[in-house]
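# Structural features, examined
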Amino acid sequence: MYCLIVENESLDYTAIMERCGVGNNPVQMVVKNIANLEEFYDSTDLIGIYNYCLKNITDPEILIQVIKYTDAHRAISTLNILLDMLVLNKSEDDNLVNVRVMCAKAISNYKDTSTVTTLLACMNNKHEHYKVRLACADALGRIGDKYAVKPLIDLVEDEEEKSVYLKESATFALGLLGDTSAIDPLVAILESKQGFLDKFTFLKEKIVEALGKLNFHNKKVMKALKHSLMDSSPIVRINAIEAIMNSEDEDAVDIIKPCLNDDDDEVKKNALIALYNLCGRNILDEIIELPIYCEFVKTEAQELIDEYE
């Protein structure tokens, strides 16, 4: 929960900043001094001090640390300042961009749905720095407002959007939001853009991961996940195995078993762990005894028995 704070007008914020060494001492010393203020001031006064810092200090390194300190209080007054910092500071300087990224992360912790419009505006602004857009997409997923679902889907589907990393963040956010309306668009992207996705494996990984979170009893999702078990990327295959393991599908064991003969050892290992999670010790004994499985899988199965049984 965040709180409404009326700042203490009797505090001399300028004097406090001087005692902290702002403008005179090395940054790390200033940061430490500001952190130590919690020993001398109560929550209300600290919020006023932090807000003053956010409005008046220009050093990015100090600002990032102060934003972190504000998270313990989450005052409405601070949220408004963070929103202003996110929107108004358009500098391309990497350090100031990182301040805005930290603002988006801090804003998401409030879980305040009134911030969604601002975050969407930043995310959809193609003239914004890509790091800020990524942070806003991630924040939208963490806030959990379903109002963000359609804009996130539109972003993932936008063929004119050049930032694949932004599409990844939007896909991840959709998985966090858990709205089933994202299933059809994500499945369609996975099925129709294989040439594009093969160049950007990370996006494909995020789509498979998101589909695994969105619906455990959807035929389209299961079809897409099974198809992903044959993908050229081992990470995509591993993500698909995990999603199928968690799907509660009655055929999950039979779907995963062939992955024990995958060309990649990590895929084999993850398939083995998934089967163990689904079936317990018996499946390990079966794998060790059957001649159709390679020595690597049998050794891994025995190690699981030795470690957990």
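Everything in this summary refers to the structure shown in the same document. Quick caveat: nothing in here was measured; it's all calculated off a predicted structure. (Residues numbered from 1 in each chain as written. Predicted model: local features only at pLDDT ≥ 70, side-chain atom pairs only at ≥ 80, totals over all residues. Heavy atoms only, no water.)

### Overview of the overall build of the protein
For the protein, the helix and strand inventory stands at 19 helices and 0 strands. A globule of 309 residues ought to have a C-alpha radius of gyration of about 19 Å, yet the protein, at 25 Å, is considerably larger. Summarising its shape, the C-alpha atoms of the protein cover approximately 80 × 45 × 30 Å along the three principal directions. Across the protein, the fraction of contacts at a sequence separation of at least 24, relative to all contacts at a separation of at least 6, is 63%. Surface exposure of the protein reaches about 15600 Å², of which carbon and sulfur atoms provide 50%. Across the protein, the 32 positively charged side chains and the 53 negatively charged ones have centroids separated by 4 Å. (Helix = DSSP H or I, 4+ residues; strand = E, 2+ residues; numbered from the N terminus. Rg over C-alpha atoms; globule rule 2.2 N^0.38 Å. Contact = heavy atoms within 4.5 Å. Areas by Shrake-Rupley, 256 points an atom, 1.4 Å probe, with all protein chains shown as cover. Lys, Arg positive; Asp, Glu negative; His and termini not counted. Charge placed at Lys NZ, Arg CZ, Asp CG, Glu CD.)

### A short note on the side chain of Thr 78
Structurally, Thr 78 can be placed in helix α5 (residues 76-88). On the basis of relative accessible area, Thr 78 is assigned to the buried category, the value being 2%. Contact partners of Thr 78, with chain neighbours within four places excluded, come to Ile 47, Asn 51, Leu 54, Thr 70 and Tyr 110. (Buried < 20%, exposed > 50% of the residue type's maximum accessible area, 1.4 Å probe, protein only.)

### Looking at the pattern of salt bridges
According to the stated counting rule, one finds 13 salt bridges in the structure shown. In this structure, the salt-bridge partner of Asp 184 is Lys 220, at a minimum N-O distance of 3.2 Å. In this pair, Asp 184 sits in helix α11 (residues 183-192) while Lys 220 sits in helix α14 (residues 219-228), placing the two residues 36 residues apart along the sequence. (Salt bridge = Lys/Arg side-chain N within 4 Å of Asp/Glu carboxyl O.)

### What to know about the environment of Glu 191
Residue placement: Glu 191 occurs in helix α11. The exposure class of Glu 191 is partly exposed, given its relative accessible area of 49%.

### Examining the packing of aromatic side chains
A complete count under the given rule lists 2 aromatic pairs for this structure. Measuring from centroid to centroid gives 5.3 Å for Tyr 13 and Tyr 52, while their planes differ by 20 degrees, and the two rings are stacked. In this pair, Tyr 13 sits in helix α1 (residues 13-20) while Tyr 52 sits in helix α3 (residues 43-56), placing the two residues 39 residues apart along the sequence. Judged by relative accessible area, which is 22%, Tyr 52 ranks as partly exposed. (Phe/Tyr/Trp six-rings, centres within 6.5 Å; stacked < 30°, edge-to-face > 60°.)

### Some details on unusual backbone geometry
Its identity is not glycine, yet Arg 74 carries a phi of approximately 50 degrees, on the positive side. Position of Arg 74 among the secondary structure elements: in the loop between α4 (60-70) and α5. A relative accessible area of 23% means that Arg 74 is categorised as partly exposed. Not every positive phi belongs to a glycine, and Lys 111 is a case in point at roughly 55 degrees. Tracing the sequence through the fold places Lys 111 in the loop between α6 (94-110) and α7 (116-124). According to the relative accessible area criterion, Lys 111 is partly exposed, its value standing at 46%.

### With respect to the packing of helix α2 (residues 27-35) against α4
Two elements in contact, α2 and α4, have axes separated by 10 Å at closest approach and are oriented at 20 degrees. With respect to α4, the axis of α2 lies roughly parallel. Judged by the sense of rotation from one axis to the other, the crossing of α2 with α4 is right-handed. Only Glu 61, Ile 62, Gln 65, Val 66 and Tyr 69 of α4 make contact with α2, whose side of the interface consists of Val 27, Gln 28, Val 30, Val 31, Ile 34 and Ala 35. Class assignment of the residues belonging to the contact of α2 with α4 gives a composition of 8 nonpolar, 2 polar and 1 charged. (Axes fitted to C-alpha atoms, helices over the stretch in contact; angles between N-to-C directions. Parallel < 35°, antiparallel > 145°, perpendicular 65-115°, else oblique. Left-handed = near helix turned anticlockwise from the far one by under 90°. Nonpolar A, V, L, I, M, F, W, Y, C, P; charged D, E, K, R; others polar.)

### Side note on helix α17 (residues 265-279)
Its 15 residues place the ends of α17 21 Å apart at the C-alpha level, agreeing with the 21 Å of an ideal helix rising 1.5 Å per residue. Turning to α17, the residues buried within the fold contact α15 (234-245), α16 (252-256), α18 (281-289) and α19 (295-308). Capping the start of α17, Asp 264 holds a side-chain oxygen 2.9 Å from the backbone nitrogen of Glu 266, two or three residues further along. Looking one or two places after α17, you find Gly 280, whose phi comes out positive at around 85 degrees. (Expected span 1.5 Å × (residues − 1). Polar contact = N/O pair within 3.5 Å; in protein donor to acceptor, adjacent residues only side chain to side chain.)

In short, the description is geometric, and any link to function would need to be established separately.
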